[in-house]
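Listed below are the residues making up each chain.
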Amino acid sequence: MKFPYSMLLDFVQTDLTAEEAGDLLTMAGFELEGIEEVEGEKVLDIKVMSNRGDGLSILGLAREVLAKEQDSVPTELYLNAASRFADRPAPTTPNPATATIETPDCNRFACRVFEGVTNGPSPDWIQTRLRKAGQRPISLFVDLTNYVMMELGQPLHAFDYDKLRGGRIVVRKPRPGETLTTLDGKEHELQPDQMMICDAERPVSVAGVMGGEETEVTAGTTRVLLESASFLNTSIRRTRKQLGLNTEASYRFERSVDPDGVVAAIERFSDLLGQAGSEIFDVYPGKVERQPVAVKMDRARVLLGMYIEDKQAQGYLVRLGMEVMGHGDPFYVVPPSWRPDIVAQEDLVEELGRVHGYEEIPELLPAGTTTLGGQRGQMEEVDRLREAAIRAGYIQIVSHSLRDLHPLDAPGERVEPRNPASPEMAYLRNSLLPSLADAARRNGGRDLHLFEIGKVFSRSSSGFGESRSIGFMSTGELIPSDRKGEAVPNATFFSLKGDLEAISHAVGRLLEASAPLEGDNRLHPSRQAQLVHQGAAVGVLGQIHPSVSEELRLPRETIVAELDVDALLSDSESQLALRPISRNPSIRRDIALLIDKAVPYREIDQAVIQSGGEILERHWLFDVFEGQGIPDGKHSLGIALQLRKFGDNLTDEEANQVRAKVVAALAQLGGATR
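Residues numbered from 1 in each chain as written. Predicted model: local features only at pLDDT ≥ 70, side-chain atom pairs only at ≥ 80, totals over all residues. Heavy atoms only, no water.

Looking at the sheet that holds strand S23 (residues 448–460)
Stated precisely, the cut-off is as follows: Pairing between strands is defined by DSSP: at least two bridges between them are needed. Helix and strand assignments follow DSSP, with helices taken as H or I runs no shorter than four residues and strands as E runs no shorter than two, numbered in order from the N terminus. The contact criterion used throughout is that any non-hydrogen atoms of two residues lie within 4.5 Å. Helix axes use the C-alpha atoms of the stretch in contact, all axes being lines fitted to C-alpha atoms, and the angles between their N-to-C directions lie in the range 0 to 180 degrees.
Read from one edge to the other, the open sheet built from 7 strands follows the order S20-S23-S24-S28-S27-S26-S25, with strand pairing classed as mixed. Where the open sheet ends on each side, the last strands, each with one partner, are strand S20 (395–396) and strand S25 (512–514). Packed on one face of the sheet, helix H13 (residues 378–391) meets S20, S23 and strand S24 (463–475) and runs near 145° to S23.

Here's what the structure looks like:
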């Protein structure tokens, strides 16, 4: 909103310069976008928030200055405007016009008729101020309506009364086929949801937006009907966008206009015109009884972070035009009609803060407790599962939980939504394997290692079930190779089993694979296993069944696994054993172990860990050999031991002693060194 600074001084007596007034309004929440000099006077450009329609007037901005600047004094014009020009004597001339409201989008309509007038140019001082504000002077009646709109924020419209048919105004929605030519010369086909100002027969103005060409005031106008109204802001916005019209009036109505200021604007127009006119015909069906809002100052001080005295706070609110009732805690405040945005205590606390000054908030260190950032509990463990799967070389996919039937669906009854969008999305998934298979097929079906974490759904006699699951699919080369003829390991049952053990270890869980109690028809009958944690089955691992791989056009050696994440993480997380990092070098010792193939490697692994003690930092299997020189039923395992001592260097003798203990422990499993 642009306005010459002298207009503000008409309402407020202050020693503030234009720049200081702009800074004050900025600190009050009305941003100063710039100051320019036009025809020798400073003109302020103020940006007003969308919920503060009262700021689109000199009266509203003057109210803000008076509230924040204690030394400022209201002028006589301000006091008259604040009292809504109530001291004006009531005219005795009857109003020849009548008005009716036939739509709830209009909550007040008032009009006054001026007879025996001449529509010449407006006074020079009004034209000057309008030009400074960026508006073009047109004629007396148009200029006065624009000037009053700038002063009070209430748009007005002047009709040539003699061009109104039937001498009456009807606020209604258009009838089918009605059109209107607006003041810009454009004809509009009116829509049923658009609000119009009509005479007894036809639309004559787009309510709150732009007047019609047929009833425009001209140089020959002698009788004027002045309209002042309040409209629903959303209705004005909708109509304005549909018709492609943007006006100063619509800009204000969209941000809410004070319904109690409708008649006051007519009185101010009469003052400037110098003619009382007829009685005001006023229809006000939408009058709202404003409810008091309780304010607790203890709460206000906590929210603001600064101390404001009770009397000081009440004074701020009174200067903002609010009615304060009571002096206790809480006291009650009735918001004024021009502030529909104030509905709760927090809104009033914000008013106290901006008037008192946010710059008065003391600089203090934060007090109290703060919540920890990031994921916590089971969500954190799910993130660690995801990160471990990515570190293991798997690529995450995300798929839709609705899908059709699939050969890799888990056993059991599927859950159907009540109103499926399509046959392809007629069921909630009960397994992640179908989505992984579809993603693998879309990406060529070979040399892929995918995983997904998501919800799966089931139905049983006890009702519906929902749980979190993690699924894996691995097929083809485990390591990318660019050299022809280079031997590259492929995905197998055991490669995925090892990855699952490492991934579960990342969340402190121990997975074991055991023969399934009942065969899973999705998987190869002799290449499948249950995944067990603490004696309870939590998932399945295996190679897909040959017939399923053929139907899905996937390699026969495709390995899949699926884990119930909620079941896996249901127990308390194992505590990780942490120890400081040693600066001393490590020593490696290797063991070539000849042992029966029937001995599970897990038992060998546990024997090495238990016998190695604290000096054993890590160990790994680096070779498996069968063939010449190895008896049937046995294999040779190469196991590396990495030994390190904290704070001291290991001697060869100490390293050999640890190796000897490990060898002795393996001998109890039937193993012998080669």
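There's more to say after this.
Section: the side chain of His 188
Keep this limit in mind: Partly exposed residues are those whose accessible area sits between 20% and 50% of the maximum for their type, while under 20% is buried and over 50% is exposed, using a 1.4 Å probe and protein chains only. Whenever two N or O atoms come within 3.5 Å, that pair is a polar contact, provided that in protein one can donate a hydrogen and the other can accept it, and provided that, for residues adjacent in sequence, both atoms are side-chain atoms.
Along the chain, His 188 turns up in strand S11 (residues 187–189). With a relative accessible area of 9%, His 188 lands in the buried category. Of the polar contacts made by the side chain of His 188, one reaches the side chain of Thr 182; its length is 3.2 Å. Dropping the residues within four chain positions of it, His 188 is found in contact with Glu 178, Thr 179, Leu 180, Thr 182, Leu 243 and Leu 245.

Observations regarding the pattern of salt bridges
Spelled out, the test is: One side-chain nitrogen of Lys or Arg within 4 Å of one carboxyl oxygen of Asp or Glu is enough to make a salt bridge.
Following the criterion strictly, the structure yields 52 salt bridges and no others. One salt bridge connects Arg 88 with Asp 271, and the closest N-O pair in it is separated by 2.6 Å. Of this pair, Arg 88 sits in the loop between helix H4 (76–82) and strand S6 (98–101) while Asp 271 sits in helix H9 (residues 262–273), placing them 183 residues apart in sequence. Look at Arg 88 and you get partly exposed, because its relative accessible area is 23%. Look at the salt bridges and you will find they share partners, linking Arg 52, Asp 54, Glu 64, Arg 339, Asp 341, Glu 351 and Arg 354 into a network.

With respect to a nonpolar patch on the surface
Stated precisely, the cut-off is as follows: Each patch is built from salt-bridge-free residues with over 30% relative accessible area, joining like charges within 9 Å and nonpolar side chains (Val, Leu, Ile, Met, Phe, Trp, Tyr) within 5 Å. Here the accessible surface of atoms and residues is derived via Shrake-Rupley with a 1.4 Å probe, and residues count as covered only by protein chains that are part of the display.
On the surface, Tyr 601, Leu 621 and Val 624 cluster together to form a nonpolar patch covering roughly 240 Å² of accessible area. Using a relative accessible area of 47% as the deciding quantity, one classes Val 624 as partly exposed.

Describing the environment of Ala 249
Within the secondary structure layout, Ala 249 lies in helix H8 (residues 248–253). What makes Ala 249 buried here is its relative accessible area of 16%. Linking Ala 249 and Met 149, residues 100 residues apart in sequence, is a C-alpha distance of 8.0 Å. Among all residues touching Ala 249, those that are not within four sequence positions of it are Met 149, Pro 155, Gly 208 and Val 209.

Comments concerning the packing of helix H18 (residues 601–612) against helix H19 (residues 652–667)
The test is simple: Angle categories are assigned with fixed cut-offs, so that under 35 degrees is roughly parallel, over 145 is roughly antiparallel, 65 to 115 is roughly perpendicular, and the rest are oblique. Handedness of a crossing follows from how the near helix is turned relative to the far one, being left-handed for an anticlockwise turn of less than a right angle and right-handed for a clockwise one. Amino acids outside the nonpolar list (Ala, Val, Leu, Ile, Met, Phe, Trp, Tyr, Cys, Pro) and the charged list (Asp, Glu, Lys, Arg) are all regarded as polar, and Gly is one of them.
Two numbers describe how H18 lies on H19: the axes approach to 9 Å, and their chain directions differ by 140°. One finds that H18 runs oblique with respect to H19. Crossing handedness for the pair H18 and H19: right-handed. Together, Ile 604, Ala 607, Val 608, Ser 611 and Gly 612 of H18 and Val 658, Lys 661, Val 662, Ala 665 and Leu 666 of H19 make up the contact between the two elements. Taken together, the residues of the contact of H18 with H19 break down into 7 nonpolar, 2 polar and 1 charged.

Some details on the nonpolar core
To keep things clear, this is the line we draw: Buried residues of nine kinds, namely Ala, Val, Leu, Ile, Met, Phe, Trp, Tyr and Cys, make up a nonpolar core once their side-chain atoms join them within 4.5 Å.
Ranked by internal contacts, the top residues of the largest apolar core, which has 54 residues, are Phe 3, Leu 8, Phe 11, Ile 46, Phe 141 and Phe 269. Here this core takes 8 residues from H9, the largest share from any one element. Every residue in contact with Phe 141, bar those within four places of it in the chain, is listed here: Val 117, Thr 118, Asn 119, Ala 158, Val 217, Val 224, Phe 269 and Leu 273. Ala 97, Ile 197, Val 209 and Leu 225 belong to the second-largest nonpolar core, a separate cluster that totals 30 residues.

Observations concerning the layout of surface pockets
Under the convention used in this document: Using a 1 Å grid laid over the protein atoms alone, points where a 1.4 Å probe fits but cannot get out form a cavity; open sets with protein on both sides within 12 Å along at least 5 of 7 lines form a pocket; any residue with an atom within 4 Å of a point counts as lining. Grid points are joined across faces, edges and corners, and a volume is the space filled by probe spheres set on the points.
Considered as a void within the structure, the second largest pocket measures approximately 1,100 Å³ in volume. For the second largest pocket, the lining is made up of 45 residues, of which Asn 146, Met 149, Thr 247, Glu 248 and Ala 249 are closest to its centre. Listed by contribution, the elements that provide at least two residues to the lining of the second largest pocket are strand S4 (41–47), helix H6 (140–152), strand S8 (156–160), strand S13 (203–206), strand S14 (210–211), strand S15 (223–231) and H8. Considering each element in turn, the lining of the second largest pocket owes the most residues, 6 residues, to H6. Along the lines of polarity and charge, the residues of the lining of the second largest pocket split into 24 nonpolar, 12 polar and 9 charged.

Details of empty space enclosed by the protein
Within the structure shown, the criterion is met by 2 cavities of 30 Å³ or more. What lines the largest cavity is simply Lys 497, Leu 500, Glu 501, Leu 511, Glu 512, Ala 513, Leu 531 and Arg 602. If you list the elements that add at least two residues to the lining of the largest cavity, you get helix H15 (493–505) and S25. A total of 3 residues in the lining of the largest cavity trace back to one element, the largest contributor, which is H15. Partitioned by chemical class, the residues of the lining of the largest cavity number 4 nonpolar, no polar and 4 charged. When its volume is computed, the second largest cavity comes out at roughly 30 Å³. Elements with a minimum of two residues in the lining of the second largest cavity: strand S10 (179–181) and S13. The residue inventory of the lining of the second largest cavity, partitioned by class, reads 3 nonpolar, 1 polar and 2 charged.

Brief notes about the packing of aromatic side chains
Applied cut-off: Here the aromatic set is Phe, Tyr and Trp, taking the six-membered ring for Trp, and pairing holds for ring centres within 6.5 Å; pairs whose planes are under 30 degrees apart are stacked, those over 60 apart are edge-to-face, and all others are tilted. Charge-over-ring placement is defined geometrically: NZ (Lys) or CZ (Arg) within 6 Å of the ring centre, and within 35 degrees of the ring normal.
Applying the stated criterion across every chain yields a total of 6 aromatic pairs. Residues Phe 451 and Phe 472 carry aromatic rings whose centres are separated by 6.1 Å and whose planes lie at 25° to one another, so their mutual orientation is stacked. Within this pair, whereas Phe 451 is found in strand S23, its partner Phe 472 is found in strand S24, the two being separated by 21 residues in sequence. Since its relative accessible area comes to 0%, Phe 451 is described here as buried. On the basis of relative accessible area, Phe 472 is assigned to the buried category, the value being 0%. These aromatic residues form a ring-pair network of at least three members: Tyr 394, Phe 451 and Phe 472. A cation over a ring is seen here: Arg 588 above Phe 622, with NZ or CZ 5.3 Å from the ring centre.

Looking at the environment of Leu 616
Position of Leu 616 relative to the elements: it lies in strand S30 (residues 616–625). With 469 residues separating them along the chain, Leu 616 and Tyr 147 place their C-alpha atoms 90 Å apart. Setting aside residues up to four positions removed in sequence, Leu 616 forms contacts with Arg 579, Val 608, Ile 609, Leu 641, Gln 642 and Leu 643.

Points about the sheet that holds strand S29 (residues 587–596)
The 4 strands lie next to each other as S30-S31-S29-S32, forming an open sheet whose pairing is antiparallel. Where the open sheet ends on each side, the last strands, each with one partner, are S30 and strand S32 (672–673). Pairing geometry for S29 and S32, over 2 bridges, is antiparallel. For Leu 594, the partnering residue across the bridge sits in S32 and is Ala 672. In this fold H19 packs onto S29, strand S31 (634–643) and S32, with an angle of close to 20° to the strand it touches most, S29.

A few points about the side chain of Ser 611
Relative to the assigned elements, Ser 611 resides in helix H18. Side-chain polar atoms of Ser 611 contact the backbone oxygen of Val 608, separated by 3.4 Å.

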